[in-house]
Amino acid sequence: MPPVSESSGEESSILNNDQTQDAKEKTYDLSRKYSVEASEDRSPPENVAPTGALFDAPSEMTRGRRIAARLSRSCCIGGMYNPSRSKDKMIIPAIEEEGIKERVIEPPKLDKGWEYFEHFILPRCFANREATEKGRTYSRAEPGEDQEKTMLYPVWGTPLQDMGDFGIGVGMYFDMLRFFGFVALIVAFICTPALVFYASKDYSPDGKDGIVNPINKASAICTNTFWVPCPNCTKDDFNTWPTSLDDIPRVVNGTAPAPNEDREVFFMLRNGCELNETFSIVTLVAMFFFCASTLVFIFLQKRMRIKMDENEQTTSDYSIRIKNPPFNAKSPETWKNFFETAFDDVHVTVCTVALDNEELVAKLVQRRKLLLKLENSLPLHIAFCSEDLEKTVLQCPEPNVFTRLLCCSAGPKGLYDKIQAIDEEIERWADHPYPASSVFVTFETEEMQRRVLKAMTYPKLCKGFVDSKYKFEGHVLEVTEPDEPSSIRWDDLDESKIVRVGQRVATLLLTCILIVGGAALIAEARERDVTLSALLIVVFNTITPMVVRFLASFESHIDQTSYSSSVYVKITMLRWINTAIVTAVINPFAYTLTDGEQLIESIRIIFTAELVQRPVLQLTDWLGNLQRHCFAPRAKDQRRMNLLFSSYQYSIGERYTEITKLLFLTCFYATLYPAAWYFAAATLFVYYWVDKFCVLRTWRQGPKINAKISIYSVYFFLMCAVTYAVMAAYNVAMFPFDNACETEEAVPEYYVGEYEIANNATFVVSSGDKVYKFCDQDLFRYIPAAFPPLPKAQPNDSEWMSPVQMEFVPIFGWSCIGVVCFASLIVIVRFFIGYVLPLFSSRYKTQGKAMEEAFSDVREIEGYIPHVDIPGHEFPFLICDITDIDDELVGWKGYGTHKFNNLIYDMPQVLRRRRSKKNIAEDNPMFSQVMHWPPSEDFESKTDQDIKFSLGDSMRKLFFQ
């Protein structure tokens, strides 16, 4: 914290009761002065009228907007649906003695709210489109573009490569959906003989006539069960968690037939289903195909990533980020001179110096929030004046008791006191020195950026050997390629790496606690009803993103890609464990193949919910439609109406978890439930189109996420492949999941006879039948661990594997070892390349070719302009002076100039209100510095000449060398 300085201003006194009473009378007088002017034509227009330069024809509107227009025009329900259409504009007459000018307050227009939704919230592309050499069909326009005609991206017509317009991470997400959707479909076709086998009498001779659900008939459920004599069995053999005596009995006791009524006999339930060679071969082929497809995807991913990057020219392609600038290096011109001196033929086009002013910006943001609450408290006919808050407070009515209790409202006086306290704190920060925390430098060409990165990216252990011309005032710089401007989290750039790591460790520990708590609740629900536990898993999967986002809000991240990756990892951990692992752990081992409310029925419910629940919620968008069609037409003013059209901003990290969770669940249970692959394929294809529709028609535009999150997903896909191999090996080895082992001992004579079970089922024990004994077939519980699962893992005199299992279990076991070793090798190699190799060699490696298009020639490109989002406002707030840059670099267009949405102008206002003697010194800036130097015509012609020379050299090398 900076030292507390004494303020020279006078503290504003608390408003007394007399002033409040005078204000009430004054407010009453003002309210009588404004008049209502009736509109000339109050009949609804036949077509939606344009509201400015952003006019849309009905055919270019969303379906929701067209429905809203029809309902608003309806003679029957138009007034009830859209009350704002009957509101008249208010004319507030001038009061010359008080210096108040005449004002006209327009009523909120519903069509203007829809216009805001379609032009500022949803992504749009330029209507004048042509397929380019890069293979792109559409070119994205910035939010609010009004200079050229734009249109909404077509849902069906937008190709996959153009989805990279929303960030390479978004494009890679849809590429993954499509790739693994086809992989799952092919694996499903491969597994079709396994489904046929499970449904046939070769597997269960009774034909599974008792199974109601037809899908479950094609699963490993075994209805061909029978009781076998087990003289040494007791009910306690199966009374270990998660099995309890309340479950369907696996061991029963009774009395022997006459004349041995005094003898007690025990029987255990035996599963009479066995695997055959066809099933084993099909499962092996499916496993190898999925593992091979995962490896193919890993190698193709890089190619797809480079292709998308070449198709989309973004700011990061031209820019570098300096992570450790000297504290006093705050001038953009200094950085421009440094790079243009150190490198020949380099032009710096934009430079942003971000300052460590997080505390000051946080106070200004908090102040804006309070001012917004105060503005919302005013009657509509009274203009809000932030320069004269005392007068504004007197004009605000006091909230009623209900509002105070429900909304925890402090009332206008309480808000005024809080603003005063914040103003005092802001004044203390006015003369505090703010060091530089990061520097973003944007060059005119991509070749320049690559040249700088190649020269200034050093091995971590070799920084002492850096050329002096690349040192900034003797300081070795850490240079890297930044994320996209919209992805930078400007208020977190100053946090140290130690702080960020500590925060993530703390939230990771909290995530582990949530995992344990969720597992306990699911296990408790399983004790009551298997359907309840399955539904609880679905509920947990739905609320998990909200909980993880709350935890991640306490973390500091340099960019949204890092934030999304953190969310991705935590959500994946929670969903994988709660969905697949906990379901397997809480299910009694001996009931794995049992029909009814057991494991396989739980799996079916989860897969059905995955296929139906999320797509239905996304397509209906019940909350968004409620806001747009119910609450928005009743908003008090246009700003609050527009906010109700803001929609949900998607997180690409959450979307990635949907793929990995579904594949992990499928790989975990595919051996017992081969239909899972059909569910997975259908779900992935549904996700592809539903998410594409929501990105283009429902969700608010998010920051552009780079490919880093798709690189992280490689490790999760490898884990899915390992899971498939491991679970296939163990499931085949542990079959038939009944803990019954046949012995060579013949049944005692007193067992011979006919028996009847409680459900009126009868069975006969004949002389010469074999005795069975309890044997633990759950290889996961063996100590030491039975890995890999091989026939030799069976205890002596407790063999349960059939001849087919004895033949194929070794193949599955060693295949499992091979997959695990290969996946581990990939992880080790990637770890070595990513973390060990950079210690000794340069980390920078070019990917793809450098594009020839200059930064200043790229259509709709933005600069690194510091900004923050403040809830309750339609547009972001800038936290830098943009006087010296082109407005096009801001990246969005509001309804007016950017000046209103700039927090730097709040600082002079605070100092004026405080009557402070402190001045804003130019040599001690409080906010980030941004400067723009468009290239001169001489530089552009020289660049074109260099391009021609490079092309000529390439042709000569091609034909003559």
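Above this text sits the structure in question.
Student: Help me out: how do you make sense of the packing of aromatic side chains in this one?
Tutor: Aromatic ring pairs: the centre-centre distance and the angle between the two ring planes describe each pair. Following the criterion strictly, the structure yields 63 aromatic pairs and no others. Ring centres 6.0 Å apart and planes at 35° place the aromatic pair Phe 197 and Tyr 198 in the tilted group. Overall, the relative accessible area of 5% leaves Phe 197 in the buried class. Seen in terms of ring centroids, Phe 297 and Phe 717 are 5.6 Å apart; in terms of plane orientation they differ by 80°. Their pairing is edge-to-face. Linking Phe 297 in helix H8 (residues 277-311) with Phe 717 in helix H23 (residues 708-734), this pair joins segments that are 420 residues apart in sequence. Of the two residues examined, Phe 297 and Phe 717, each falls in the buried class. Members of the aromatic cluster, joined through ring pairs, are Trp 156, Tyr 173, Phe 174, Tyr 568, Trp 576, Tyr 656, Phe 664, Phe 668, Tyr 669, Tyr 688, Trp 689 and Phe 716. Seen from the ring of Tyr 750, Arg 263 lies directly overhead, with NZ or CZ sitting 4.0 Å from the centre. Above the plane of the ring of Phe 117 lies Arg 628, whose end atom (NZ or CZ) is 4.7 Å from the centre.

Student: So what exactly am I meant to see when it comes to the packing of helix H2 (residues 63-73) against helix H4 (residues 110-121) here?
Tutor: Each packed pair of helices is defined by two parameters, the angle between the axes and the distance between the axes. Here H2 crosses H4 at 180°, and the two axes come no closer than 11 Å. Between H2 and H4, the crossing angle belongs to the class labelled roughly antiparallel. Counting all contacts with H2, which are made through Gly 64, Arg 65, Ala 68 and Ser 72, the residues of H4 involved are Leu 110, Asp 111, Trp 114, Glu 115 and Glu 118. Looking at the contact of H2 with H4 residue by residue, the class counts come to three nonpolar, two polar and four charged.

Student: Sorry if this is basic, but what is going on with the pattern of salt bridges here?
Tutor: Side chains that differ in sign of charge can pair as their charged atoms come close. Applying the stated rule across the entire model yields 35 salt bridges. Arg 367 is the partner of Asp 423 in a salt bridge, and the nearest nitrogen-oxygen pair spans 2.6 Å. Here Arg 367 lies in helix H10 (residues 358-377) and Asp 423 lies in helix H13 (residues 411-428), a separation of 56 residues in the sequence. Taken individually, Asp 423 and Arg 367 each receive the classification buried, so the pair is uniform in this respect. Between Glu 658 and Arg 614 there is a salt bridge, and its shortest N-O distance comes to 3.7 Å. Placement of Glu 658 in helix H21 (residues 652-669) and of Arg 614 in helix H18 (residues 599-620) is noted, with a sequence separation of 44 residues between them.

Student: Before we go on, may I ask you to explain the state of the cysteines in this structure?
Tutor: As used here, a disulfide is simply a covalent bond connecting the sulfur atoms of two cysteines. Counted by the stated rule, this structure contains three disulfides. With a sulfur-sulfur separation of 2.0 Å, Cys 222 is cross-linked through a disulfide to Cys 273. Across the S-S bond of Cys 222 and Cys 273 the torsion is about 90°, and the bridge reads as right-handed. Residue Cys 222 is located in the loop between helix H7 (214-217) and strand E7 (225-229), and its partner Cys 273 is located in the loop between strand E9 (264-271) and H8; the two are separated by 51 residues in the primary sequence. A residue is classified by how much of its surface remains accessible, and Cys 222, at 4% relative accessible area, is buried.

Student: It is not clear to me how the sheet that holds strand E10 (residues 319-322) should be interpreted in this structure. Could you clarify?
Tutor: Sheet strands pair via backbone hydrogen bonds, and the direction of the pair is either parallel or antiparallel. Across the sheet, which stays open at both edges, the five strands sit in the order E13-E10-E12-E11-E20 with antiparallel pairing between neighbours. If you trace the sheet from one side to the other, it starts and ends with strand E13 (479-480) and strand E20 (929-932), each paired once. Inspection of the sheet shows E10 paired to strand E12 (residues 436-443) by four bridges, in the antiparallel sense. Looking across to E12, one finds that Ile 320 is bridged to Val 441. Strand contacts of helix H9 (residues 332-342): E10, strand E11 (348-355), E12 and E20, with the helix running at about 130° to E11, the strand carrying the most contacts. Sheet contacts for helix H14 (residues 446-456): E10, E12 and E13; angle to E10, the most-contacted strand, approximately 35°.

Student: When you look at the sheet that holds E7 in this model, what are you seeing that I'm missing?
Tutor: In space, the three strands of this open sheet follow the order E7-E9-E8, with antiparallel pairing throughout. The sheet is open, and its two edges are formed by E7 and strand E8 (251-255), each paired on a single side. Pairs of neighbouring strands in the sheet enclose a mean axial angle of 35°, with direction left out of account. With five bridges joining them, E8 and E9 adopt antiparallel strand pairing. By the bridge assignment, Thr 255 is partnered in E9 with Glu 264.

Student: How do you make sense of the packing of helix H16 (residues 530-552) against H18 when you look at a structure like this?
Tutor: Close contact between H16 and H18 brings their axes to 9 Å; oriented N to C, the two are set at 35°. H18 is crossed by H16, and the crossing has right-handed handedness. Contacts from Val 530, Thr 531, Ala 534, Ile 537, Val 538, Asn 541 and Thr 542 of H16 reach H18 at Ser 602, Ile 605, Ile 606, Ala 609, Glu 610 and Gln 613. Looking at the contact of H16 with H18, its residues break down into seven nonpolar, five polar and one charged.

Student: Please clarify how the side chain of Thr 743 should be interpreted in this entry.
Tutor: Relative to the elements of secondary structure, Thr 743 occurs in strand E14 (residues 740-746). For Thr 743, a relative accessible area of 16% corresponds to the buried category. Within the structure, Thr 743 has its side chain in polar contact with the backbone oxygen of Val 771 (distance 2.6 Å). Discounting chain neighbours no more than four positions away, the residues touching Thr 743 are Lys 770, Val 771, Tyr 772 and Lys 773.

Student: Even after reading the chapter, I still don't get a nonpolar patch on the surface, so can you show me in this structure?
Tutor: Together, Phe 822, Leu 825, Val 829, Phe 832, Ile 833 and Leu 837 make up an exposed nonpolar region whose accessible area comes to about 530 Å². You can see Leu 837 is positioned in the loop between helix H24 (803-836) and strand E18 (867-868). When its relative accessible area of 33% is taken as the criterion, Leu 837 is described as partly exposed.

What counts as what
Residues numbered from 1 in each chain as written. Predicted model: local features only at pLDDT ≥ 70, side-chain atom pairs only at ≥ 80, totals over all residues. Heavy atoms only, no water. Phe/Tyr/Trp six-rings, centres within 6.5 Å; stacked < 30°, edge-to-face > 60°. Buried < 20%, exposed > 50% of the residue type's maximum accessible area, 1.4 Å probe, protein only. Helix = DSSP H or I, 4+ residues; strand = E, 2+ residues; numbered from the N terminus. Lys NZ or Arg CZ within 6 Å of the ring centre and 35° of its normal. Axes fitted to C-alpha atoms, helices over the stretch in contact; angles between N-to-C directions. Parallel < 35°, antiparallel > 145°, perpendicular 65-115°, else oblique. Contact = heavy atoms within 4.5 Å. Nonpolar A, V, L, I, M, F, W, Y, C, P; charged D, E, K, R; others polar. Salt bridge = Lys/Arg side-chain N within 4 Å of Asp/Glu carboxyl O. Disulfide = S-S within 2.5 Å. Pairing = 2+ DSSP bridges. Left-handed = near helix turned anticlockwise from the far one by under 90°. Polar contact = N/O pair within 3.5 Å; in protein donor to acceptor, adjacent residues only side chain to side chain. Patch = residues over 30% accessible without salt bridge, like charges linked within 9 Å, V, L, I, M, F, W, Y side chains within 5 Å. Areas by Shrake-Rupley, 256 points an atom, 1.4 Å probe, with all protein chains shown as cover.

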